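What follows is the residue order along each chain.
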Amino acid sequence: MIDAHIHIERGPYTKEWIDHFVRQALYMNLDEIWILEHCYRFREFVPMYDGVCNYSRYIDHWFRETAGVLELSDYLRLIDEIRNSNPAMKINFGLEVCYFHQFEEFVYQHTKNLELDFIVGSVHFVDNFAFDHKREHWNTVDVDTIFRRYFDVSIELAKSGIFDGIAHPDSIKLFGHRPSFSQEKA
Ligand SMILES: [Zn+2]
Ligand SMILES: [Zn+2]
């Protein structure tokens, strides 16, 4: 068994911190783990978020608190250290990149030479709307429109060809919202 979506952002970039995850994975009898970081933690990706920060004061505040606190080289250094330490189980290291259609080329240029094991794209924003932060943010949007656009954007993500996979493809139902229309294809 594999756990392919593990974030390490609540601790420092040290071997000791990674060892916590390895020990837990061994305890759970996993065969391998996939560790990934959100791209917004790294200064290199901050320019992608101007639109969503301008759109929402809440997101602007959240972004100032959490984003751009590291550089990609910090992460790559940790990955090197762990790979060279002969870890007790197979670990893949990757990135979770927010998908914005207009930044496909930007993402490609910033990731093509990184020695990562995988890069997943994820939809956290639908036309600038951050749907996965707070339930009450949905009060002023049209649920059907957001659902339709979520899947439009997810398909754009897949077609971009710049990712190895898509993260949490059903996260739009996080707060229990459902569209009024059927999503089955005839
Ligand atoms: Zn994630
Ligand atoms: Zn995510």
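Above this text is the structure in question.
Rules behind the numbers
- Every chain begins its residue count from 1, and numbering advances along the sequence as written.
- To read the labels, note that chains go from A and ligands from 1, taken in the order they are written.
- In keeping with the model being predicted, local features are shown solely for residues with a pLDDT of at least 70 and side-chain atom pairs are shown and tallied solely at 80 or more, while totals for entire chains, interfaces and linings include all residues.
- In computing side-chain properties, one takes all heavy atoms of the structure into account and sets aside hydrogens as well as water.
- Only DSSP runs of H or I with at least four residues qualify as helices, and only runs of E with at least two residues qualify as strands; both kinds are numbered from the N terminus onward.
- Between the two quantities, the radius of gyration covers C-alpha atoms and the globule rule is 2.2 Å times the number of residues to the power 0.38.
- For each residue, the accessible area found with a 1.4 Å probe, counting protein chains only, is set against the maximum for its type, and the residue is called buried under 20%, exposed over 50%, and partly exposed in between.
- What makes two residues a contact is simply this: any of their non-hydrogen atoms within 4.5 Å.
- Per-residue accessibility takes into account occlusion by the displayed protein chains alone, with areas from the Shrake-Rupley method and a 1.4 Å probe.
- Counting rule for charge: Lys and Arg are taken as positive, Asp and Glu as negative, and neither His nor the chain ends is counted.
- Note that the charge is assigned to NZ on lysines, CZ on arginines, CG on aspartates and CD on glutamates.
- Only nitrogen, oxygen and sulfur atoms qualify as donors, provided they sit within 2.8 Å of the metal or within 3.2 Å for Na, K and Ca; with water excluded from the atoms, sites may seem incomplete.
- Definition of nonpolar core: a set of buried residues of the types Ala, Val, Leu, Ile, Met, Phe, Trp, Tyr and Cys, connected through side-chain atoms within 4.5 Å.
- Salt bridges, as used here, are contacts in which a Lys or Arg side-chain nitrogen is within 4 Å of a carboxyl oxygen on Asp or Glu.
- Only strands that DSSP links by at least two bridges are regarded as paired with each other.
- Looking down the strands as they point away from you, a crossover is right-handed if its path from the first strand over the helix to the second goes clockwise.

Student: A description of the overall build of the protein chain should follow, citing residues and the corresponding values.
Tutor: Tallying secondary structure elements over the protein chain gives six helices and seven strands in all. Radius of gyration (C-alpha) of the protein chain: 18 Å, near the 16 Å computed for a compact globule of 186 residues. Reported as C-alpha extents along the three principal axes, the dimensions of the protein chain are approximately 50 × 35 × 30 Å. The 186 residues of the protein chain split such that 44% are buried. Taking the intrachain contacts of the protein chain between residues at least 6 apart in sequence as the baseline, contacts between residues at least 24 apart amount to 77%. As displayed, the protein chain offers around 10700 Å² of accessible surface, 49% of which is attributable to carbon and sulfur atoms. Between the centroid of the 19 positive side chains of the protein chain and the centroid of its 30 negative side chains there is a distance of 3 Å.

Student: Outline the environment of H133, supporting the account with residue identities and numerical values.
Tutor: Summarising the element assignment, H133 is placed in the loop between β6 (129–130) and α6 (143–160). The spacing of H133 and I166 is 33 residues in sequence and 19 Å in space, taken between C-alpha atoms. With residues near it in sequence (within four places) discarded, H133 still touches Y58, I59, W62 and F175.

Student: How would you explain the coordination of the zinc ion (ligand 2) if you had to name every residue and give the values?
Tutor: Bound to the zinc ion (ligand 2) on the protein side are E96 (OE), H124 (NE2) and H168 (NE2), at distances that span 2.0 to 2.2 Å. Along the chain, the residues that donate to the zinc ion (ligand 2) are spaced as E-x27-H-x43-H. A separation of 3.4 Å is found between the zinc ion (ligand 2) and the zinc ion (ligand 1), both of which receive a donor from E96. One end of the pair, E96, is in strand β3 (residues 90–98); the other, H168, is in the segment after β7 (165–166), with 72 residues separating them in the sequence. Taking relative accessible area as the criterion, H168 reaches 27% and is therefore assigned partly exposed.

Student: Pulling in residues and values, what's your account of the coordination of the zinc ion (ligand 1)?
Tutor: For the zinc ion (ligand 1), the full set of protein donor atoms is H5 (NE2), H7 (NE2) and E96 (OE), at a range of 2.0 to 2.1 Å. Looking at H5, the relative accessible area reads 33%, which means it is partly exposed.

Student: Now, about the nonpolar core: what can you tell me, with residues and values included?
Tutor: Most often, soluble globular proteins keep nonpolar side chains buried together rather than apart. If you look at the biggest cluster of nonpolar residues, it comprises 57 residues, and the most contacted ones within it are I33, Y49 and Y75. Not counting the four nearest positions on each side in its chain, Y75 is found in contact with I8, Y13, I35, L36, E37, F42, F93, G94, L95 and L116.

Student: Can you break down the pattern of salt bridges residue by residue, with the values?
Tutor: Applying the stated rule across the entire model yields nine salt bridges. Between R43 and E71 there is a salt bridge, with the nearest N and O atoms lying 3.2 Å from each other. Linking R43 in the loop between β2 (32–38) and α2 (50–55) with E71 in the loop between α3 (57–66) and α4 (72–83), this pair joins segments that are 28 residues apart in sequence. Among the residues examined, E71 registers a relative accessible area of 33% and is labelled partly exposed. Close ionic contact of R77 with D74 constitutes a salt bridge, the shortest N to O distance being 3.5 Å. One end of the pair, R77, and the other, D74, are both in helix α4, three residues apart, so they sit about a helical turn from each other. Residue R77 is classed as exposed on the basis of its relative accessible area, which comes to 52%.

Student: How would you summarise the pairing of strand β1 (residues 2–7) if you had to cite specific residues and measurements?
Tutor: Judged from the four bridges that link them, β1 and β2 form a sheet pairing that is parallel. Across the sheet, the residue bridging to D3 is I33, located in β2. Considered for its hand, the β-α-β crossover made up of β1, helix α1 (residues 15–27) and β2 is right-handed.

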